[in-house]
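# Structure at a glance
Next come the chains, spelled out residue by residue.
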Amino acid sequence: QVQLVESGGGSVQAGGSLRLSCAASGRDFSSYSIGWFRQSPGKEREFVAAINWRYDNNYYARFVKGRFTISRDNAKNTVNLQMNSLQTEDTAIYYCAAVVGRYSGDPASYSYWGQGTAVTVSS
């Protein structure tokens, strides 16, 4: 089993930055992909970004438009999401999740989820 814990959420003004972290632990998560998703009131959960742990390949949703960067820290077993130029529409609960093998943009494909961290962007 893989355990995931998010951190780094908070409240910022439009144009500001936040760095989210997803700490992973378990028997063997090196064969997993780690994805970031978000969900705001009245909307479905949507894909934000993902990384394949073994090959360090990154994938991004179109709305990111170069503002977000996903990366891994092998020493800390952590996946980070650096979010710059935040806008009010980025306000949501952000979740990290793990899926065996290749990245997937479908949240139903993921086996393990963190509890989420709240991001609020004000204008």
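Reference entry: report on the structure contained in this document. These numbers come from a predicted model, not from an experiment.

Rules of the game
- Residues numbered from 1 in each chain as written.
- Predicted model: local features only at pLDDT ≥ 70, side-chain atom pairs only at ≥ 80, totals over all residues.
- Heavy atoms only, no water.
- Disulfide = S-S within 2.5 Å.
- Helix = DSSP H or I, 4+ residues; strand = E, 2+ residues; numbered from the N terminus.
- Core = buried A, V, L, I, M, F, W, Y, C linked by side-chain atoms within 4.5 Å.
- Buried < 20%, exposed > 50% of the residue type's maximum accessible area, 1.4 Å probe, protein only.
- Contact = heavy atoms within 4.5 Å.
- Pairing = 2+ DSSP bridges.
- Axes fitted to C-alpha atoms, helices over the stretch in contact; angles between N-to-C directions.

### Things to note about the state of the cysteines
- In the structure shown here, the tally under the stated rule is 1 disulfide.
- What pairs with Cys22 in a disulfide is Cys96, and their sulfur atoms sit 2.2 Å apart. Its torsion about the S-S bond being 70 degrees, the disulfide of Cys22 and Cys96 is classed as right-handed. Of this pair, Cys22 sits in strand S3 (residues 18-26) while Cys96 is found in strand S9 (residues 92-100), placing the two residues 74 residues apart along the sequence.

### Brief notes about the nonpolar core
- Counting 35 residues, the largest nonpolar core has Leu4, Trp36, Val48, Val79, Leu81, Met83 and Tyr94 as the members making the most contacts within it.
- Of all the secondary structure elements, the ones that give two or more residues to this core are strand S1 (2-7), S3, strand S4 (32-39), strand S5 (46-52), strand S7 (68-73), strand S8 (78-83), S9 and strand S11 (117-122).
- When residues in this core are grouped by element, the largest group, 6 residues, is from S9.
- Once residues lying within four places of it in the same chain are set aside, the contact partners of Tyr94 are Glu6, Leu20, Trp36, Phe37, Arg38, Val48, Met83, Gly116, Thr117 and Val119.

### A few points about the sheet that holds S3
- One open sheet holds the 4 strands; their spatial order is S1-S3-S8-S7, and the pairing between them is antiparallel. Edge strands, defined here as strands with exactly one partner in the open sheet, are S1 and S7. Neighbour to neighbour, the strand axes of the sheet diverge by 20 degrees on average, direction disregarded.
- For S3 and S8, the ladder comprises 6 bridges, and the chain directions are antiparallel. Paired with Arg19 across the strands is Gln82, a residue of S8.

### What about the environment of Val121?
- Along the polypeptide, Val121 turns up in strand S11.
- Residue classification places Val121 among the buried residues on the basis of a relative accessible area of 6%.
- When neighbours within four sequence positions are excluded, Val121 is seen to be in contact with Val12, Gln13, Ala14, Leu86, Gln87, Thr88, Asp90 and Thr91.

### Comments concerning the pairing of S9
- Burial analysis of S9 places 7 of its 9 residues in the buried class, which makes it a mostly covered element.
- Sheet topology places S4 next to S9; 8 bridges connect them, and they run antiparallel. Bridge pairing in S9 places Ser33 opposite Val99.
- Two strands pair when backbone bridges link them, and S9 and S11 are joined in this way by 3 bridges, in the antiparallel orientation. Bridged to Tyr94 within S11 is Thr117.
- The sheet contact formed by S9 and strand S10 (residues 112-113) spans 2 bridges and is antiparallel. Along S10, the bridge assignment pairs Ala98 with Tyr112.

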